[in-house]
Structure formats: structure tokens, C-alpha cells
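What the coordinates show
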Amino acid sequence: MTFCEEIRLECADLWNASFEHPFVEGIAEGTLPLDVFKFYVMQDAYYLTHFAKVQALGAVKATDLATTQSFAHHAEQTCAAEMALHESFMELLGVTQQDWEIFEPSPHAYAYVSHMYRSAQGNLADVLAALLPCYWLYFEIGERLKTATPSEPIYQRWIATYGSEWFGELVNEQIERMNILAEGLPDVRRKELKTHFMRSSYYEWQFWQQAWTMESWELPAVTEASVNHVK
């Protein structure tokens with residue numbers, strides 16, 4: 001069993017939670033409220049800006065020119081393809097300059113980005129272990145939703161993007177690279193890489209959740225009962 005086969009199996013419950021999240025199911029069924037998707041798109045644009053920067057860090061940490069070129073290409077693909085997709089969504093969803101002026105990353109979007117940068121303090125294997133769940137999970141979701149027929153055109157386009165052949169090629173390239181980087185490493189090192197991967201998988205689930213709840217930095221209302229419980 002390869003490293004990626006192992007970690008995919010170990011993360012099965014986390015990934016199934018993403019597949020079954022009401023946000024993802026709402027896209028497939030066309031029932032997800034557009035204001036929730038608008039919140040997601042803005043948070044995802046924030047996330048992808050930093051995802052591309054961490055990909056660029058991978059290019060810096062690569063030890064051969066071919067891998068440097070590959071990670072630079074992946075960063076460019078994120079900037080060009082994914083951001084262009086979001087820009088079209090933003091126009092369709094009516095995102096304004098004022099929306100961006102008051103935008104804040106949600107707590108879990110901020111935490112996910114922070115986790116990626118922390119992981120990237122290591123070598124190329126650490127970088128890729130933190131990045132790979134985003135690639136791979138979205139591709140699996142795209143594959144699972146290929147036969148879905150939501151009436152909302154935005155959701156049709158979202159599904160088509162992540163289930164596309166070109167995206168699958170990027171995913172498979174990074175899976176193969178992760179297996180090569182992990183091959184022959186001592187158990188303690190493989191465990192570190194698995195931790196990066198599992199935490200990113202957890203944050204992927206939280207990304208659906210933060211959008212579904214339109215998460216903010218506001219504290220929940222403190223009730224008398226909760227105060228008494230603390231005491």
C-alpha cells in the first residue's frame with residue numbers, strides 16, 4: 001500500500017463527512033442558498049490566494065528544476081483558472097467592492113491558511129502533505145457529483161470544474177509526487193506528514209461548515225444558564 005493509499009484510508013471518516021455535508025449536498029441538489037455560496041466564494045478566494053503562495057513555497061523548496069517548474073505551474077494554474085472561476089462567480093453573485101472592503105476571513109478559513117503556512121516551515125514533503133487534501137478531496141467530490149443536475153447554473157459550473165480531466169491530471173501528479181517523497185522515510189517522519197494531511201482534511205470539512213453557518217468572529221450570546229454552568 002502506498003503512502004497516499006494509507007492516509008486516504010485513515011482519513012475516510014473525515015472525507016465521508018465532507019461528502020455528506022449539507023453544503024456539498026446542497027450544491028448537488030441545487031438547493032444551497034446563494035447567499036451561503038457567496039460567503040463561501042469570498043472565503044475561498046481568500047484561501048486560494050494563500051494556497052497559491054504555499055504552492056510557490058513548494059517551488060522554492062524543490063531540490064530539482066523539474067519539480068520547481070511543476071510547483072510554479074500549479075501556482076499559476078491556481079491563480080489563473082481558479083481565480084478566474086471565482087471572479088465570474090462574484091459577478092453572477094453580485095459581489096461588490098464594498099463587500100471586499102468589509103470582508104474578513106472566517107475563523108476557520110484563517111486557521112486553515114495558518115496551518116498551511118506552519119506546515120510549509122518544513123521541506124517539500126511537508127508542503128505537499130498540507131496541500132494535497134484540497135486537490136484530492138475536491139476532485140473526488142467532482143467525480144461523485146458528475147451525474148448531479150442542479151438547476152442553478154453556478155453549481156453546474158462548479159461541479160464541472162472539479163470533475164474535469166485537466167484537474168484530475170493535476171491531482172494525480174501530486175499524489176504520485178507525495179508517494180515518492182514519503183517513500184523510505186522513517187515512521188516518525190511519515191507520521192508527521194500524515195498529521196499535516198489529516199489536519200488539512202479536517203479543515204476541509206470545517207471549510208464547508210464555516211460557509212454553511214456563515215461563520216464570523218462574533219462571540220455567541222452568553223446566557224444566564226451558560227454562566228451558571230461555568231460557575
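Here's what I pulled together on the structure shown here. (Residues numbered from 1 in each chain as written. Predicted model: local features only at pLDDT ≥ 70, side-chain atom pairs only at ≥ 80, totals over all residues. Heavy atoms only, no water.)

**What to know about the overall build of the protein chain**
The number of helices and strands found in the protein chain is 12 helices and 0 strands. Walking the protein chain from its N terminus toward its C terminus, one meets helices and strands in the order α-α-α-α-α-α-α-α-α-α-α-α. Rg of the C-alpha trace for the protein chain: 18 Å, near the compact-globule value of 17 Å for 231 residues, within the 12% margin. Based on the C-alpha atoms only, the size of the protein chain along its principal axes is roughly 55 × 50 × 35 Å. Within the protein chain, the fraction of its 231 residues that count as buried is 51%. Of the contacts formed within the protein chain by residues at least 6 apart in sequence, a portion of 84% connects residues at least 24 apart. When the accessible surface of the protein chain is split by element, carbon and sulfur atoms take 55% of a total near 11,800 Å². (Helix = DSSP H or I, 4+ residues; strand = E, 2+ residues; numbered from the N terminus. Rg over C-alpha atoms; globule rule 2.2 N^0.38 Å. Buried < 20%, exposed > 50% of the residue type's maximum accessible area, 1.4 Å probe, protein only. Contact = heavy atoms within 4.5 Å. Areas by Shrake-Rupley, 256 points an atom, 1.4 Å probe, with all protein chains shown as cover.)

**A short note on helix 1 (residues 3-10)**
Of all the positions in helix 1, only Phe3, Cys4, Ile7 and Arg8 are classed as buried. The buried residues of helix 1 all sit within an arc of 125° when viewed along its axis, so they share a single face. Turning to helix 1, the residues buried within the fold contact helix 2 (12-19), helix 8 (124-144), helix 10 (165-182) and helix 11 (187-212). (Arc of directions from axis to C-beta.)

**Let's talk about the nonpolar core**
Among the nonpolar cores identified, the biggest contains 68 residues, and Phe23, Phe37, Tyr40, Tyr47, Trp158, Met178 and Trp208 are the most heavily contacted of them. Among the elements that make up this core, the one with the highest residue count is helix 8 (14 residues). Tyr47 has contacts with Tyr112, Val113, Met116, Cys134, Glu204 and Phe207, leaving out every residue within four places of it along the chain. (Core = buried A, V, L, I, M, F, W, Y, C linked by side-chain atoms within 4.5 Å.)

**Side note on the packing of aromatic side chains**
The way to describe two aromatic rings as a pair is by their centre distance and the angle between their planes. Considering all chains together, one arrives at 27 aromatic pairs under this definition. Relative to Phe89, the ring of Phe37 has its centre 5.4 Å away and its plane inclined at 70°; by these criteria the two rings are edge-to-face. Taken together, the residues span a long stretch of sequence, with Phe37 in helix 4 (residues 34-61) and Phe89 in helix 5 (residues 65-93) at a distance of 52 residues. Taken as a pair, Phe37 and Phe89 share a single burial class, namely buried. When the ring of Tyr138 is compared with that of Tyr162, the centres are 4.8 Å apart and the planes differ by 70°; the resulting orientation is edge-to-face. Of this pair, Tyr138 sits in helix 8 while Tyr162 is found in helix 9 (residues 153-162), placing the two residues 24 residues apart along the sequence. Its relative accessible area of 3% is what places Tyr138 among the buried residues. The exposure class assigned to Tyr162 is buried, which follows from its relative accessible area of 2%. (Phe/Tyr/Trp six-rings, centres within 6.5 Å; stacked < 30°, edge-to-face > 60°.)

**Side note on the pattern of salt bridges**
Following the criterion strictly, the structure yields 9 salt bridges and no others. The shortest N-O distance in the salt bridge between Glu6 and Lys194 comes to 2.8 Å. Of this pair, Glu6 sits in helix 1 while Lys194 sits in helix 11, and the two are 188 residues apart along the sequence. The salt bridge involving Arg177 is made with Glu173; its shortest N-O contact spans 3.4 Å. Of the two residues, Arg177 and Glu173 both sit in helix 10, 4 residues apart, roughly one turn of that helix. Arg177 sits in the buried class, given a relative accessible area of 15%. Residue classification places Glu173 among the partly exposed positions, given a relative accessible area of 28%. Counted as one network, the salt bridges with shared partners bring together Glu6, Glu10, Arg190 and Lys194. (Salt bridge = Lys/Arg side-chain N within 4 Å of Asp/Glu carboxyl O.)

**Section: helix 3 (residues 22-29)**
Within helix 3, the full set of buried residues consists of Phe23, Val24, Gly26, Ile27 and Ala28. Among the structural elements, helix 2, helix 4, helix 8, helix 9 and helix 11 are those in contact with the buried residues of helix 3.

Scope: geometric values only; no functional claims are made or implied.
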